[in-house]
Amino acid sequence: MFQITDKAITTSELVSLAESPSAGALVVFEGRVRNHHHGKEVTALDYSSHPTLAQPEGQKLVAETLEKFPDVEKIAATHRTGHLAIGEIAVCIVVTSPHRPAAFAACDYLALQLKNRLPVWKHEHFADGSQDWT
Amino acid sequence: MSSSPPLKALLLIGGKSQRMGSDKAALVFEGKTLLERILATITPLIPEAYLSIAHDDEREFSHPTIRDLTPNPGPLGGLQAAFHHDPEAAWLVLACDLPLFDSTTLENLLDKADPTQKATCYRNRLDQRAEPLCTLYQPAAAHALTNYLADDRRCARKFLESLEPVMLPLPHPLALDNGNRPEQLHELTILAKEGLQEKEVTVTYYGKLSAEAPAATETLTTTAATLAGLYEELRLKHYLSLDLDTVKPVLSDEFVDWTTPLPEDAQVAFLPPFAGG
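Rules behind the numbers
- Residues numbered from 1 in each chain as written.
- Chains lettered and ligands numbered in written order.
- Predicted model: local features only at pLDDT ≥ 70, side-chain atom pairs only at ≥ 80, totals over all residues.
- Heavy atoms only, no water.
- Disulfide = S-S within 2.5 Å.
- Buried < 20%, exposed > 50% of the residue type's maximum accessible area, 1.4 Å probe, protein only.
- Domains from an automatic or database assignment.
- Contact = heavy atoms within 4.5 Å.
- Buried area = accessible area lost by both parts, 1.4 Å probe.
- Salt bridge = Lys/Arg side-chain N within 4 Å of Asp/Glu carboxyl O.
- Helix = DSSP H or I, 4+ residues; strand = E, 2+ residues; numbered from the N terminus.

**A look at the state of the cysteines**
Line of reasoning, step 1. One pass over the structure, following the stated rule, counts zero disulfides over all chains.
Line of reasoning, step 2. Summary of cysteine pairing: A:C107 is not part of a disulfide, and the nearest cysteine sulfur, belonging to A:C92, is at 8.5 Å.
Line of reasoning, step 3. With a relative accessible area of 4%, A:C107 lands in the buried category.
Line of reasoning, step 4. No disulfide involves B:C134; its sulfur sits 8.8 Å from the nearest other cysteine sulfur, which is in B:C121.
Line of reasoning, step 5. A residue is classified by how much of its surface remains accessible, and B:C134, at 0% relative accessible area, is buried.

Structure follows, in C-alpha cells:
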C-alpha cells in the first residue's frame, strides 16, 4: 500500500495496515524534517509532487520492493506534500516480515527508492531567509 | 570587398564534451563528423581555417590549431588567441556543432559583411538576438575584446552585442541550430526533413524549474519537433539551470523519451531530479 497525502501522517495507522499475526518483525521508518541541511539552519520544508504520477509511481516502488524481498509480508508507506515544520513526518514506511532481516532491508531499500524515484520535490526554507530547491 | 582585410576562420571545436561523454566535433551526422562537415563548407570560401583548442589540449589534429593563451579563458579565449595570432585578419568564428550549417549561410554572411563595422552576425532564430556561433569579427574588434576581457567579462554574446554588430536574418533558419547531443541531432534530422511547423503546447514545470520559469504552467507556440527540441528552446529562453540529462520529460501524464515527437496541443511536463523523503 502506498499513499501520497497532504495530511499529517499518523504512523499508527500505517502500522495497523501492515501488521500481521505471522510477522515476527515490524520495522517503522519515519523520515522527519530536520533543522539543518549542509550546515544551514532549516526552518521549514515545502514538498510538491506531480499530481497524477506520484501516486502510481509510489505504488510501483512498493510493488517492486515486495518483489525484491519475497520474505516481506506487507508494506504500508506514505509520503506527505505541502508545508512541513521541523519534526513533522515527511515519509513513513512500515514493513513486516516473519524475521527481522527482510523487513529492515526492504524498508531501507524502499526509503532510498522513494527519495530518488518518486516525483516529489523539496523546497527548503532557511533561517537566514534564503531558500533552495532540491 | 577590395579593401577588406584577409579572411581567416576559427572553428570552436570545444573541449572534451561533457554532455556527449566524448568529443562533440567527432559526433557523426549523415555519415560525416560535425567537424568534417563544417570544414567542407568553409574551406572552399576561407582556405585558412584553424581549430580553436584549449591551453593544455594535447590531442593531435589534422588541421592547424590556435591554442588559447591562458587556461580557462572562457568562451572568448579562442577569439582572443586568434587576434593574437593575426590582428590584421577578419576572423570568422564558427561553432563546429552546427549540423545544418551550409554554404549559403556562409556566403550570405561574407557578402553582406560590412568591413567598416566591428562585426557582422546573424540573428538567433528563436530570440532574434545576435548569435555569436557564426560571426565575422573585423580587426577593429580586437581592441574592444582586449578591453572587455580586461574588465573580467566573459560572455560571448554580450561582447558581440557591445560591438553593435550588423545583424542579418538567417537565409536558412536551422543553419545555426546546435546539435551537440544525440537528442538534438535527432531533432534537427526531423526538422530538416519536415520543416518548421508551428504547434501550440502547454508546459508545466516542477520543482526548481517552476521557480526558474516565468510561470509554473505556460501555453506557447513552438516549432520544436521533439520534446528535446522543446526543452532546449525553453532552457535557453528562460535560462533554466538544468541540462536535458538531469530532467525527465512527461507527455500527457506519462514518462517518455526525449526523442518522442511533439504533437499538436501537447500537454508537456518537465521534471527536475526527484527529492523525496
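Once the structure has been displayed, the description carries forward.
**A closer look at the domain arrangement of chain B**
All names here are of chain B.
Line of reasoning, step 1. You can read the domains of chain B as domain 1 (7-168) and domain 2 (182-271).
Line of reasoning, step 2. The C-alpha centroid of domain 2 is placed 28 Å from the C-alpha centroid of domain 1.
Line of reasoning, step 3. Contacts between the two partners involve ten residues from domain 1 and, on the opposite side, twelve residues from domain 2.
Line of reasoning, step 4. Carbon and sulfur atoms make up 66% of the area that domain 1 and domain 2 hide from each other, which totals about 920 Å².
Line of reasoning, step 5. The interface formed by domain 1 and domain 2 contains zero salt bridges.

**Some remarks on the pattern of salt bridges**
All names here are of chain A.
Line of reasoning, step 1. Inspection of every chain in the model, using the stated rule, returns 17 salt bridges over all chains.
Line of reasoning, step 2. In this structure, K40 engages D128 in a salt bridge whose closest nitrogen and oxygen atoms are separated by 3.9 Å. Residue K40 is found in strand β4 (residues 40-49), and its partner D128 is found in the loop between β8 (120-126) and β9 (131-133); the two are separated by 88 residues along the sequence.
Line of reasoning, step 3. Residue classification places K40 among the partly exposed positions, given a relative accessible area of 34%.
Line of reasoning, step 4. Exposure remark for D128: the relative accessible area of 57% places this residue in the exposed category.
Line of reasoning, step 5. In this structure, R117 and E64 form a salt bridge, with 2.8 Å as the shortest nitrogen-oxygen distance. Of this pair, R117 sits in helix α3 (residues 100-117) while E64 sits in helix α2 (residues 54-68), and the two are 53 residues apart along the sequence.
Line of reasoning, step 6. Judged by its relative accessible area of 25%, E64 is partly exposed.

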